Amino acid sequence: MMAVDDVSWRILGENVQLSPRNQLLITGSNLKQVLDNLGGYPNIKPWIGSHEQWKAILNSIVGETLGGQKRRLGRFLFASKARTFKDQLKQLASELTTGGEASITFHICCGLAGGTGSGSLIDVIAQIRALYPESRTYRIVVYALLPEEIPNPNWDTGNYHANGYAALAELNALSTGSYQPCDVAESGKRLQLMDPFNGCYIFSNRNENGLQVDVNKTLPSIVADFLFQKLIAVSNADTMRLLDKMENAENGDGTPENDHGIVGKARSKRFLTFGIKRLAVPETEIREYLTYKFARQAALQLRFNNWDDTFGFRNDARNQDFGEFVRDKQTLERWSLTDDHFTLSRGILAEEINNKSWKPILNEWLDIVPLFIGMVQAQDDKVWLNDLEKLMVQRYEENYRKLGVRKFYETKLEARKDYVKELRRRVESELFQEWQNGVKSMHDLSRCVMALIASLEERARAGDDRISKAKANVEDAEQKVTANRNEWAKVGLLSHMLGRRRKLLDTHGELLRELYLFRTQAEAWNFAKRLLQESITEFNHLATDISLCSTLVDETIKEFNTRIDERCNDNEKPDLRQSLVRFYNAENVRLFSRDLEKEAAIQKNHSQIIRDALIEQIASEPSFATFHNRISRQRFFNVLEQKSTLSSQIAHDNLVSSDHNRQSLLGVNIIGQLEREYSGKPEELRKFVNDLVRSAGNYLEFDPQAIVIGNGNVVKVSQFIVIMPNAGEHSEFAEILKTMFRDHLRGGIPVEIIESDTKPHEITLLGITNLFPLRYARMVRFLKEKYDLRINSANNPEQVKLELHSEGDGSQYSALLIANEGDIREKVLPSLFIAKAMELITAVVNPTTGRSDLFLIGEDELGMTVRTKLGKSLPEISENIDLKVAQVLEQTANDKLKENEWKHIDKINELKQRILNELKAILSERQEDFEDPTYQRFEAAARKAITSLTNN
């Protein structure tokens, strides 16, 4: 998709793709090479993992490394180009701020299901914030697409949904400050970021009203519409400040929420979502429809040139007889395809045509005989015949066109390729000119050339007869020459005196002229036959070139037909469920277009514009071969699309201005359109607005139960914005609309109505909800279930965790969902074992009662010992420990393990043995019952504790 010539970036013939300086392709890195030499990559070493951990993944990589739904691979790819990313970003940011406002907003869009985008997201945010730490001047806003529940076939290769949850967990930790990523561009040391991002929009392919849209085709347009409205259409200063406050979490309580009052930042509330609904006259689609109709007409003219006053240019050919045309004497003369040309009686090449000494074969021998007779008469009359025959032989064998007949044709046969090229050039030039001028279509040209080939094949087959006839004529002429020579031998004195020799000389000259004429014709037709065969081959090549051009036009016609069928095909009643509610009469558009199609002057002029534009592409060498070699299908399509856009606009405007009964299709004000439809129908208008507003919704479904679970502080805040065009003459009706929009919005959500000049043909309903933790989103619970399933069902869970998370195994991040108290106590069991083994928990005997209890021993800020009573035994503690105390216990144990004293292998082994002893004591308390539920809980916790010590 990032190729320079990728067609998906073209809109009505214009390429809207970002230039290379605005792109960064993060491919081409070699993970194995990096893992083999981690010391040389300090920016990657701290988080990538070991070669052993990557072994199975490396074996599955063929060729260059790609993300492949492995988020850590995506991070690696970005890290390999992170310096380039920073350099390009600084350059672009500098250009934006030079001579202008210093503030910049960075908009980061990505999907969370994949490996490359999802895996690089955290570092993209981190690198931008590290470069531009002031979050008010340099705002960072993220737009993150959640994985859809049911992805398209072959999209989910294993980590699709789990990636989504892992990315959300890291975004949440990044926002709360509990995750400070390594600097992947430079040292690899952890960055110290404040306010990594201002706000993060999360959204899915299904809105809260149940409307599901296509992730690949429709959703990108919805996000683009939202960005356009937010960044371009909203020009009202107060509304812009309101949006900024929402994205900065300044319109309510933006502090992260915690579980059950536990100290710490568990879940960020820097998340937002949006909804957008556009009520619009689909002007772009109408414009495209007219464009493709015009383009199709031009293509049909190029293909068939068959005009019909009812339909315009038809998609079929006219009946024409090209057989007669290609046999016409004038046609053959223009194309140098007469018998005289094939036999080279007359020249074909320019130097031959301009050679004044060249004469037609007949004239050559007619003119030379009288000259030779005059020459021999100067000699003794007895040798007249012999001398004349010698001169004729010499002329035939040596002097005919300076080479002799046979040598002449042998030489020309070697140059036959030049002849066929010239013949093709003559024919092709005329046909191309007639196509260029709109006289003939591609279909006409194809049929014309095929008829010419058929005609030449007939003449080639007749060539043998012409050669045989010439040879027969030679034999007959030779006999006559012999007979005349015998008569010459019989001449006596008396006959000589009576002028008999003079008459026989004249007769002999005439007979020799015929003889050598026939001999020359025999050679000429031998040559002509070969030239005809070569010409047939060349004209077949021409036919192929024309056919390829025709195929190009045919394919484009099919594409235009498809695009026409996809547009302006709506039913009469608009579908209010869709994100784009199309408010127009499609039948009126089709009728309007049909009227333009039938205007002969418009369509023929437009076709000429297209032909001229195409000729410009090959002006230096206008031929059919050049046409199909230089003009690709996409280039051809683009030329027609671009020119047809302009022609259809002009034709539309001219028709509207010349016919006051015509309603314009383009440049329509949506408020005027609504007024024409609902003027005098207040109840119908009220119902329409009510249904429209009710069908609007965020592209994120919330879980009602999750919103009220927790600390009871409902912070989810919504804002509704209606963007209307300036009403102009429809201002009174616009006020009615504004009132109705305010009246029909549910739930007391505040409404801001603003006017914008950006798109007069549409009204946009924009909804934004912010200040909620990720657990409010119904999809998050689904993603968590998929995340757990992916890890728990894997043969190698540790490898899966490596693939899913940018670093570590994910256990370092706060849970996105609220855990119940039992789950929190269960989570602290491994730390309970470690604290007991480290004697942070000790037994204290009450001197009064003599009873023993376990206490957590610690120090306060003054360095004084603090004892917190926990319970009589570890099982009792696990059931009743206060959650805040559990957090302190877990943190204390973790901090203690980081001290050098506990890094030594002997100390680690000592702790492991103590844990095993505690586990045996619990088993003893449970009457050695290995199946006892309490014992099994503690056995699992002991395993986790020992594993964590091993990895410490």
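As annotated in an unreviewed UniProt entry, the protein chain carries the name Tubulin-like protein and is attributed to Pelodictyon phaeoclathratiforme.

**Some remarks on unusual backbone geometry**
Look at S336: it is not a glycine, yet its phi comes out positive at around 60°. Mapped onto the elements of the fold, S336 is located in the loop between α12 (329-335) and α13 (339-342). With relative accessibility at 3%, the residue S336 sits in the buried group. Although it is not a glycine, K402 sits at a positive phi angle of roughly 70°.

**Some words on empty space enclosed by the protein**
The final tally for this structure, using the stated rule, is one cavity of 30 Å³ or more. Approximately 50 Å³ is the volume attributed to the largest cavity. What lines the largest cavity is simply Q229, A233, I723, M724, P725, S756, T758, K759, E762 and T764. Contributions of two or more residues to the lining of the largest cavity are made by α8 (218-233), β10 (717-725) and β12 (762-772). The greatest single-element share of the lining of the largest cavity, amounting to three residues, is contributed by β10. A breakdown of the residues in the lining of the largest cavity according to their chemical character gives four nonpolar, four polar and two charged.

**Re the packing of aromatic side chains**
If you walk through the whole model with that rule in mind, you get 37 aromatic pairs. Between Y292 and F560, the ring centres sit 5.8 Å apart and the planes meet at 35°, which makes this aromatic pair tilted. Of the two residues, Y292 sits in helix α10 (residues 283-303) while F560 sits in helix α21 (residues 500-566), which places them 268 residues apart along the sequence. Taking 4.7 Å as the distance between ring centres and 20° as the angle between the ring planes, the aromatic pair formed by F560 and F637 counts as stacked. Of this pair, F560 sits in helix α21 while F637 sits in helix α25 (residues 633-658), placing them 77 residues apart in sequence. A relative accessible area of 0% places F560 in the buried class. When its relative accessible area of 5% is taken as the criterion, F637 is described as buried. A cation over an aromatic ring shows up here: K440 above the ring of F325, its NZ or CZ 4.9 Å from the ring centre. K759 extends its terminal NZ or CZ atom over the ring of F228, reaching a point 4.3 Å from the ring centre.

Reading the values: rules and limits
Residues numbered from 1 in each chain as written. Predicted model: local features only at pLDDT ≥ 70, side-chain atom pairs only at ≥ 80, totals over all residues. Heavy atoms only, no water. Helix = DSSP H or I, 4+ residues; strand = E, 2+ residues; numbered from the N terminus. Buried < 20%, exposed > 50% of the residue type's maximum accessible area, 1.4 Å probe, protein only. 1 Å grid on protein atoms, 1.4 Å probe; cavity = no way out; pocket = protein on both sides within 12 Å on 5 of 7 lines; lining within 4 Å. Points joined across faces, edges and corners; volume = space filled by probe spheres on them. Nonpolar A, V, L, I, M, F, W, Y, C, P; charged D, E, K, R; others polar. Phe/Tyr/Trp six-rings, centres within 6.5 Å; stacked < 30°, edge-to-face > 60°. Lys NZ or Arg CZ within 6 Å of the ring centre and 35° of its normal.

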